[in-house]
Amino acid sequence: MVTIRRAVYDDIPNIMRFMDEHWKKGNVLATNRDFFEWQFVDDDKVNMFLGIDENSGRIYGMLGVIIYSKCAKPDLSCCTWQTIKSDNPMLGVELVNYMFMQLRPRYVSSAGLTKKSVRIYELKGRIPASMDHYYRLSDREDYQIAKVQNKRIPVVKESGYRLHLIHSVAEMKKIIPEETLSGQILSKDYSYIEKRYFKHPIYHYDLWEILDTNKNSRSILVTRDETLRNCNICKIVDYYGNLDDLRYITSELDRLMEERNYEFIDIYSYGVPTDLYEQAGFCHCDETSENIIPNYFHPFVQENITLRMLESKVPGLRLFRGDGDQDRPC
């Protein structure tokens with residue numbers, strides 16, 4: 001009989017075997033114990049729920065969650081959701097229901113849904129949506145990572161805004177107080193942000209404060225470089241602060257592309273008014289676009305990728321590539 005419960009620390013080797021056999025063969029979460037614990041273990045609690053036969057020890061389903069704060073009813077993202085055939089055809093749905101009862105989250109998001117996940121959510125009456133994908137090309141003769149049929153680079157006036165690197169949570173707190181973070185949807189605390197971006201075990205992230213013309217800052221941009229065959233691109237991974245600042249940083253992003261030899265800078269988001277990107281000289285991309293702006297690098301896939309999520313009726317929800325586990329090694 002399959003029992004649904006929260007995972008414990010001693011379950012981790014069994015979970016990793018299940019991942020390797022039934023989820024994604026050779027994935028870092030299935031092969032790297034340290035990385036698995038970094039992502040799913042907080043304060044000795046394992047943020048994963050299992051459908052397991054306690055007698056045989058066989059796992060039939062799993063649901064991992066990323067919890068954004070230590071408050072009583074946290075916001076969170078679901079990820080690593082997988083079931084196999086068992087005597088319970090509703091195991092996937094019941095894992096989600098059990099997680100809700102145990103964690104009592106305020107808001108839940110799931111970016112990067114598989115087709116199977118979309119079907120399960122549709123059974124629960126939820127509607128899938130797509131994240132917006134925007135990019136800005138650098139001005140060059142050829143592109144190796146992107147496939148450019150139409151080199152369109154909208155002209156944008158210099159705004160006087162600047163990007164300045166920060167290196168610690170202490171610096172970020174001076175720009176965005178914890179109370180401001182707690183008022184956002186999704187709400188993240190600084191213990192999560194420090195772990196996610198300043199103490200990532202594999203990736204290096206750059207965090208930039210956005211300085212206005214008076215050298216005041218109220219927003220933070222998070223980026224990460226990706227390299228392929230000695231060519232570079234930049235992903236905008238996350239954003240905190242006032243969305244309006246996005247429209248004023250284009251000249252700084254162009255400078256960054258020139259300095260670091262990026263082919264392009266791109267961003268996936270949900271809940272950001274698309275006119276901000278268009279005013280900033282970014283171009284829209286989807287699976288039908290003539291230009292190809294790849295998202296997957298390990299392995300590299302030179303295709304346009306749609307990141308699916310759940311449509312939200314929650315006013316003010318903002319979601320970026322860095323939410324959940326979309327921006328992680330494979």
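The structure displayed is predicted, hence computed values, not measured ones. Here the residue numbering is sequential within each chain, running from 1 through the sequence in written order. Per-residue local features are limited, in this predicted model, to residues with pLDDT of at least 70; the limit for side-chain atom pairs, both in listing and counting, is 80 or more; totals at the level of whole chains, interfaces and linings are taken over all residues. Side-chain metrics rest on all non-hydrogen atoms present in the structure, leaving aside hydrogens and water.

1. A few points about the overall build of the protein chain
To qualify as a helix, a DSSP run of H or I must reach at least 4 residues; to qualify as a strand, a run of E must reach at least 2; elements of each kind are numbered from the N terminus. A tally of helices and strands in the protein chain yields 10 helices and 17 strands. The atom set for the radius of gyration is the C-alpha atoms, and the globule formula is 2.2 Å times the number of residues raised to the power 0.38. The globule rule puts the C-alpha radius of gyration for 330 residues at 20 Å, and the 20 Å found for the protein chain is close to it. Counting all 330 residues of the protein chain, 55% fall into the buried class. By the convention used here, residues are in contact when the closest approach between their heavy atoms is within 4.5 Å. Sequence-distant contacts in the protein chain: of pairs separated by 6 or more residues, those separated by 24 or more amount to 69%. For the protein chain, the exposed surface amounts to about 15500 Å²; the carbon and sulfur share of it is 47%. Here Asp and Glu are counted as negative and Lys and Arg as positive; His is not counted, and neither are the chain ends. Just so you know, the charge point we use is NZ for Lys, CZ for Arg, CG for Asp and CD for Glu. Of the side-chain charges in the protein chain, 44 are positive and 49 negative, and the distance between the mean point of each set is 3 Å. In this scheme, a residue with accessible area under 20% of its type's maximum is buried, one over 50% is exposed, and one in between is partly exposed, where area comes from a 1.4 Å probe on protein chains only. Where accessible areas are quoted, they stem from the Shrake-Rupley method and a 1.4 Å probe; at the residue level, only the protein chains shown are allowed to cover.

2. Regarding the nonpolar core
Nonpolar core, defined: a set of buried Ala, Val, Leu, Ile, Met, Phe, Trp, Tyr and Cys residues in which side-chain atoms within 4.5 Å join the residues together. Ranked by internal contacts, the top residues of the largest apolar core, which has 69 residues, are Ile15, Met19, Phe36, Met48, Ile220 and Tyr240. Residue contributions to this core peak at 7 residues, all from strand β5 (residues 59-67). Of all hydrophobic cores here, the second largest spans 24 residues; its members include Leu243, Leu246, Ile265 and Phe320.

3. Some words on the pairing of strand β13 (residues 231-240)
Taking burial as the measure, the 10 residues of β13 include 10 buried ones, the bulk of the element. Here, a strand pair is defined by DSSP locating no fewer than two bridges between the strands. Summarising the sheet, strand β12 (residues 217-228) and β13 pair through 9 bridges and their orientation is antiparallel. Counterpart to Leu221 in the pairing with β13 is Tyr239. The turn joining β12 and β13, which pair antiparallel and follow one another in sequence, is formed by 2 residues; a positive phi near 50° is taken by Arg229. The pairing of β13 with strand β14 (residues 262-270) spans 4 bridges and is classified as parallel.

4. Let's talk about the pattern of salt bridges
What makes a salt bridge here is a side-chain nitrogen of Lys or Arg within 4 Å of a carboxyl oxygen of Asp or Glu, nothing more. For the structure on display, the rule yields 24 salt bridges. Of the charged contacts in the structure, one is a salt bridge between Asp75 and Arg106, with a shortest N-O distance of 2.7 Å. Here Asp75 is found in the loop between β5 and β6 (76-83), whereas its partner Arg106 is found in the loop between α4 (91-103) and β7 (108-109), with 31 residues between them in sequence. Residues Asp238 and Lys188 are paired through a salt bridge, measuring 3.4 Å at the closest nitrogen-oxygen approach. One end of the pair, Asp238, is in strand β13; the other, Lys188, is in the loop between α7 (178-182) and α8 (190-198), with 50 residues separating them in the sequence. Asp238 gets classed as buried once you look at its relative accessible area, which sits at 1%. By relative accessible area, which is 6% here, Lys188 ends up buried. Connected via shared salt-bridge partners are Glu158, Arg162, Glu252, Arg255 and Glu259.

5. Observations concerning α8
Looking only at α8, the buried set comprises Tyr190, Tyr192, Ile193, Arg196 and Tyr197. Buried residues in α8, looked at end-on, bunch into an arc of 145°, giving them a common side. To obtain the arc, one takes the directions from the helix axis to the C-beta atoms.

6. Some words on the packing of helix α1 (residues 12-23) against helix α3 (residues 33-40)
Note on method: axes are straight lines fitted to C-alpha atoms, helices fitted across the in-contact stretch only, with angles between N-to-C directions ranging 0 to 180 degrees. Put simply, α1 and α3 touch, their axes get as near as 11 Å, and they point 105° apart. In this view, α1 runs roughly perpendicular relative to α3, as classed from their interaxial angle. Facing α1, whose interface residues are Ile12, Pro13, Ile15, Met16 and Met19, α3 presents Arg33, Phe36, Glu37 and Phe40. Classification used: nonpolar for Ala, Val, Leu, Ile, Met, Phe, Trp, Tyr, Cys and Pro, charged for Asp, Glu, Lys and Arg, polar for all others including Gly. When its residues are assigned to classes, the contact of α1 with α3 shows 7 nonpolar, no polar and 2 charged. Geometric relationships in this document are graded by angle, where less than 35 degrees denotes roughly parallel, more than 145 denotes roughly antiparallel, 65 to 115 denotes roughly perpendicular, and other angles denote oblique.

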